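What the coordinates show
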Amino acid sequence: MSPVTVSRALAGLAAEGLVVTRPGAGAFRAQPRASAAAAGDTSWQEVALSADGAADLVPRSVDASGVLVSLAAPPPGVIEFNGGYLHPCLQPERAMAAALSRAGRRPGAWGRPPMEGLPELREWFARSVGGPVSAAGVLVTSGGQSALTTALRALAPPGAPVLVESPTYPGMLAIARAAGLRPVPVPVDADGVRPALLADAFRATGARVFVCQPLFQNPTGAVLAPERRGEVLRIAREAGAFVVEDDFVRRLVHEDAGPLPRPLAADDPDGVVVHVCSLTKATSPSFRVSALAAHGPVLERLRAIQVVDTFFVPRPLQEATLELVGSPAWPRHLRAISADLRARRDAMTAALRLRLPELALPHVPSGGYHLWLRLPEGTAESALTAAALRAGVAVTPGRPYFSAEPPAGHLRLSFAAVAGTGEITEGVRRLRTACDEVRG
Ligand SMILES: Cc1ncc(COP(=O)(O)O)c(C=O)c1O
């Protein structure tokens, strides 16, 4: 080779970083660059996961912490006042096992179900919602979390505002943020969402969606007052907006509750409501069967998103649901948890009034599985939660339930996930210790 060719080749290799030339000494093989990743180094992912979002007008944020609080098991010996589901001793374990084993033997149980769900199951959900909801308007989904995700993705494009109750379920706020939506809080009082503020929020934001829990709201336990029900639907209708009704604990009604109001969807002839209901709260977190109910063109949108995201709910689980809710054990189970939850609620309320009178309990709910307490001014919520854990009781801090600045510190205490009333009394005693520690 001519010297010119060699020097051109070296210049090319130097430009690619493969050799370094040192005048007067020669050309040498370059050391691998320091930034070249060692095998197994995943730090590149930090850039990859954020780089595209940098230009987003409304950044998506995927944060599971608010959801994990009620899903994660507490350390051994710690009393679980932060659980979101029934303790195994309250779950219909035998009835579920029997239903699953009968379901597995049903003809075609392992085949492909219709995408919208088994017709008999859609029929059952439609009957339990009532009003104008028909089986044709029901989609069987995989738990409330997935149904809410489908509803929000179907109804609002990334960047859109979505009106939410304040306070509200952090898992729903997480869904909204992960979909790039902007949650806008509308305050709730003892009678549910405040209609005048809802109307203001629609006017101010132009939102097309309002997410509402009219029955035993999480976390306040409020029930939407009868005179507000029609008003909420009218305000949404006038704003050209949908109401996503998260009817998550209808089956966790306490024994001493009066007659329950119907779902909002049952009183909605105009297709304003997209109704979500789930069986997990009355069974087990693993019994992930739920439904979306709607009518009008929105149904096609919901169906499309659900099929694209998850295809369908596994057929054996749908068959097991039919077996379970059709068995004599089902109404017996619902009656039993109704009595049990009332006893637990009363035990927790009594223990709190006795030992922690400084924690305000503005509302004692007649359904659901938790109490919502307001902390005295000046109590640091996070310090108290940490002290409680040290004292052996896991409680849920109020902050994640607010999509904006909270008006005060709060705690949510669940009475369903513990083994019984003895644990409730002991848990409250431990919380007393924690409060004393934080107060100094
Ligand atoms: C208000 C509310 N909606 C929906 C859900 C989702 O529950 P699941 O997905 O188990 O049905 C929860 C769970 O805690 C909840 O509190």
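Attention here is on the structure that accompanies the text. A quick note: this is a predicted structure, and the numbers were derived from the prediction, not measured. (Residues numbered from 1 in each chain as written. Predicted model: local features only at pLDDT ≥ 70, side-chain atom pairs only at ≥ 80, totals over all residues.)

On to the pairing of strand β4 (residues 138-141), then. What you see with β4 is no split at all: V138 and V140 on one side and L139 and T141 on the other are buried throughout. Direction of pairing for β4 relative to strand β11 (residues 290-293): antiparallel, over a ladder of four bridges. Bridged to V140 within β11 is A291. (Buried ≥ 20, exposed ≤ 12 C-beta atoms within 10 Å, placed from the backbone. Helix = DSSP H or I, 4+ residues; strand = E, 2+ residues; numbered from the N terminus. Pairing = 2+ DSSP bridges.)

Across soluble globular proteins, nonpolar side chains show a tendency to be buried alongside one another. Within the largest apolar cluster, 106 residues are counted, with the highest numbers of intra-cluster contacts made by A151, V209 and V243. No other element matches the six residues that helix α6 (residues 144-155) contributes to this core. Of the domains in this structure, domain 1 (65-89 + 330-439) and domain 2 (107-326) are the two that each give at least three residues to this core. Apart from the residues within four sequence positions on either side, V209 is in contact with L155, A156, V162, L163, A241, F242 and V244. (Core = buried A, V, L, I, M, F, W, Y, C linked by C-beta atoms within 7 Å. Domains from an automatic or database assignment. Contact = placed C-beta atoms within 7 Å.)

Moving on, we come to the sheet that holds strand β7 (residues 192-193). In spatial order, the strands read β4-β11-β10-β9-β8-β5-β6-β7; together these eight strands make up an open sheet with mixed pairing. A strand with exactly one partner marks an edge of an open sheet, and here the two such strands are β4 and β7. Both strand β5 (residues 161-166) and strand β8 (residues 209-212) contribute to a ladder of two bridges, which runs parallel. Looking at the pairing, V164 lines up with V211 of β8.

Attention shifts here to the site of the ligand. Near the ligand there are 15 residues, and of these G143, G144, Q145, S278 and T280 occur at the shortest range. When the residues that make up the shell around the ligand are grouped by side-chain class, the tally is three nonpolar, eleven polar and one charged. (Near = placed C-beta within 6 Å. Nonpolar A, V, L, I, M, F, W, Y, C, P; charged D, E, K, R; others polar.)

Read across the sheet, three strands follow the order β12-β15-β14 without closing on themselves; strand pairing throughout is antiparallel. The outermost strands of the open sheet, each flanked by one partner alone, are β12 (370-374) and β14 (396-397). As paired strands, β12 and strand β15 (residues 410-414) are joined by five bridges and run antiparallel to one another. Residue pairing for β15: L373 is matched across the bridge by L411.

As a further point, take the environment of L18. Turning to its location among the elements, L18 is positioned in the loop between α1 (3-15) and β1 (19-22). Look at L18 and you get exposed, because 11 C-beta atoms sit within 10 Å. It is 58 Å that separates the C-alpha atoms of L18 and V395, two residues lying 377 residues apart in sequence. Ignoring any residue separated from it by four or fewer positions in sequence, one finds L18 in contact with L13 and A30.

This is a description of form; function is not addressed.
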